[in-house]
Structures are given as C-alpha cells and as structure tokens.
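Residue-level structural notes
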Amino acid sequence: MKDEQQLPEVQQKKAGVSRRNFLKTVTGTVAGIGISQVINPALIQALEKGLKRHPVLWVQGQGCTGCSVSLLNSVSPPIADVLLKVISLQFHPTIGACEGELAMEHLYAVAEEYKGRFSLVVEGAIPTAAEGKYCVIGEMNHKEITMVDVVKDLGAIAGSVLAIGTCAAYGGIPAAKGNVTGATGVMDFFKTQGIKTPVVNIPGCPSHPDWIVGTIVHLLEKGIPELDEVGRPTLFFGENIHDNCPRLPLYEAGEMSATLSDPKGCRMDLGCKGPNTYADCYKRKWNSGLNWCVDNSVCIGCVEPDFPDGSSPFYEPA
Ligand code: FSX
Ligand code: SF4
Ligand code: SF4
C-alpha cells in the first residue's frame, strides 16, 4: 500500500484522520497524561496506513510474560490492537503463530532484511551464566539458540532496542540476590559485548501499556526520547511518586494508614517506596485508569534499577 502521505488530499480526508494529525494527537497526549483516552478506531486506521512498515522483533528471556500480558490485557481502549497495527510485529514467542525452527529462521531472516532499521524488543532478563544455557529459546541447524545469542546477534544489527519491564532493563527479579543464572539487563549486557545500539529502558514489573506504546510512537515519529540517567524516558519516569502523590497532604499532616484496608492515610508506615520511585503512576493509574498500587497496597518501587532487592521488604506491618 502507498504511504498515506503520498495519497491525494481528498483520499486522506476520506481516511478520516491523517497520519500527521494522529501522531500529533498521540504524542501531544503522551506528553500530558494518557494515550489511553484518545485511541479509537479512526485513529487505528490512520496508524495502519502510516506506520506499518516499522518492523519489530520481540524476544523473551527470563521473565513472566507479565509485560506482554499487561499490554494485551488492555481491552478498553484496545492498546494491543494499536500496537499490533502500529508496528509490523514480525516475531513474538507468546502470540506468534509460527514455532520451532521455522520461527527461529524467520526471526533471523527479518533481522537481516531490515538490518539497522528494525526495533528489537527485549522482555525478561538475559541469563549469562553457563554460556547462556539457562535460557534456550529455540534451535536452528541442530544448534541451540540462547537468549544470549539472540540479544547479541540481533541487538548488534537493530536500529534500536527497547528493554521492556524491569527484568530486561536492569535484571529485575531474575537478578535478585543469589542470581545463579547471571541474569542481567540489556544495557549492562551490551557493555560486556561492546554493542553500541541505542537502548531505551521501559521498566515496571510489569511495564504500563501506555509507557510501551507511547515510547514506540515517540521513537517512530521523533526518535529516541529524552532519557534519565538510568535510561528511562523522562516523559514517563521523570517525576517522583511521593512528591506528587494524592496522599502527600495526609503524610504532611501525619495521618498514616495502620492497615492496607484503611482507605485513607499515607502508606509510609506500611512500607510505601514512593519516596524512592520515579514514575507517573499517581496520575496515569492502571487497569485503564481505574486504580493504582497506593490505593490498594503500597508502591514497591517496581520501576527502579535496584528492584526487588532494594525495595525489600515490600510490606512492613505497622
Ligand atoms: Fe519481569 Fe516482564 Fe516483571 Fe514479569 O518483562 S518485569 S517479572 S512483570 O514479565 O519480565
Ligand atoms: Fe508518599 Fe506513599 Fe505516602 Fe503517597 S502513600 S505520600 S507515595 S509514602
Ligand atoms: Fe510500580 Fe510503584 Fe507504579 Fe506500582 S506505583 S506500578 S509499584 S512504580
């Protein structure tokens, strides 16, 4: 299909929303609060026309698939639909139809075809001990392909890498105390391999769908977003949770929750890690804007590089 920008103006109008307008809306809203509120079928059509050529290869190592589920569970609005249509998702171990050696061949063939132009999405940590054998993701020509192999081979020729979830960004749960598998995040792994491909960290255990889609749209339209010192887009991770928490006035007044079932009060005495955590959950919220951790429990600092060891214990009975 022809790029929408090449279509006569009248046809663009027929399509409802031009790609340019869509992206303006999305990127503008991402800079505000939520892309969730603005996505509708007309905008999806615009995306299908405009951005479908950007290939994405999604690989999974040591993770729980929570980040994929976080994205795919978002039914209202249909962020998964948008994601699948914004990009050309050429490989995903959980939702892909292809399997076995054929899938591995496809993964490497697409990477070769779009060398320097595709985005590699990494979900889950990379186990580097035992020559990577803790995570064999497939086989080709009777040779096992490990997560180490894939991130090294494909990471080196990708245009950009998105490390989705705290495990892929910083090692996360697989890299917690003990770490017999030598689990590590993408940036640290690249340093050991001398790989210079730009990496954007989108942490969270799991990562918020808006953070993922918003970063991809930014990447495609405006390039790599501004990152903080630990590689996260400041767009989503630039603000301290405690400083912006709706319960801050309660904290300042010394009104503390004694139990998690207490609907009011600051959660500090229960172990809330908001003061050490940078993310926009306090305004973006989760489950399509329904609630967030502090309303039901405490913030456990899931987006921070020292998670989970640095956040433990998560809950401290008052
Ligand atoms: Fe880790 Fe994610 Fe936590 Fe799970 O990418 S970030 S364990 S929610 O699925 O890998
Ligand atoms: Fe800070 Fe947590 Fe209290 Fe909110 S609930 S004010 S983030 S300590
Ligand atoms: Fe993670 Fe805290 Fe946000 Fe919950 S509120 S998702 S624990 S950063």
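Heads up: the structure comes first, above all this text.
Below or above, wherever it landed, is the structure these notes cover. (Residues numbered from 1 in each chain as written. Chains lettered and ligands numbered in written order. Predicted model: local features only at pLDDT ≥ 70, side-chain atom pairs only at ≥ 80, totals over all residues. Heavy atoms only, no water.)

1. Quick look at the overall build of the protein
Along its length, the protein carries 15 helices and nine strands. Here the protein holds 318 residues, and the buried ones make up 52% of them. A separation threshold of at least 6 residues defines the contact pool for the protein, and within that pool the share at least 24 residues apart is 73%. For the protein, the exposed surface amounts to about 14600 Å²; the carbon and sulfur share of it is 53%. (Helix = DSSP H or I, 4+ residues; strand = E, 2+ residues; numbered from the N terminus. Buried < 20%, exposed > 50% of the residue type's maximum accessible area, 1.4 Å probe, protein only. Contact = heavy atoms within 4.5 Å. Areas by Shrake-Rupley, 256 points an atom, 1.4 Å probe, with all protein chains shown as cover.)

2. Points about the site of ligand 3
As a matter of local geometry, ligand 3 sits amid Ile241, Thr277, Cys281, Trp286, Trp292, Cys293, Cys299, Ile300, Gly301, Cys302 and Val303. A breakdown of the residues in the shell around ligand 3 according to their chemical character gives nine nonpolar, two polar and no charged. (Near = heavy atom within 4 Å. Nonpolar A, V, L, I, M, F, W, Y, C, P; charged D, E, K, R; others polar.)

3. Considerations on the site of ligand 1
In the neighbourhood of ligand 1, 14 residues make up the surrounding shell, with Cys64, Gly66, Cys67, Cys167 and Cys205 lying closest. Isoleucine 164 has a polar backbone atom sitting 3.3 Å from an oxygen atom of ligand 1. Those elements giving two or more residues to the shell around ligand 1 turn out to be helix H4 (66-72) and helix H8 (166-170). (Polar contact = N/O pair within 3.5 Å; in protein donor to acceptor, adjacent residues only side chain to side chain.)

4. Description of the packing of helix H6 (residues 100-113) against helix H7 (residues 147-157)
It is the contact of H6 with H7, at a shortest axis distance of 9 Å, that shows an interaxial angle of 20°. By the criterion of interaxial angle, the relationship of H6 to H7 is roughly parallel. As for how H6 packs across H7, the hand of that crossing is left-handed. The residues of H7 that touch H6, namely those facing Leu107, Tyr108, Ala111 and Glu112, are Asp149, Val150, Asp153, Leu154 and Ile157. In the contact of H6 with H7, the residues fall into six nonpolar, no polar and three charged. (Axes fitted to C-alpha atoms, helices over the stretch in contact; angles between N-to-C directions. Parallel < 35°, antiparallel > 145°, perpendicular 65-115°, else oblique. Left-handed = near helix turned anticlockwise from the far one by under 90°.)

5. Overview of H6
For H6, with 14 residues, the first-to-last C-alpha span of 20 Å sits near the 20 Å given by 1.5 Å per residue. Buried within H6 we find Ala103, Met104, Leu107, Tyr108, Val110 and Ala111. The buried residues of H6 occupy an angular sector of 160° when the element is viewed end-on, so they sit on one face. Exposed side of H6, more than 90 degrees from the buried face: Leu102 and Glu113 are the residues found there. Lining the buried residues of H6 we find strand E1 (55-60), strand E2 (88-91), strand E5 (136-140), strand E6 (143-146) and H7. (Expected span 1.5 Å × (residues − 1). Arc of directions from axis to C-beta.)

6. Section: the packing of H7 against helix H9 (residues 186-193)
Look at H7 against H9: their axes get within 11 Å of each other, and the N-to-C directions meet at 75°. As far as their axial angle goes, H9 and H7 are roughly perpendicular. Touching Val148, Val151, Lys152 and Gly155 of H7 are Phe189, Phe190 and Gln193, all from H9.

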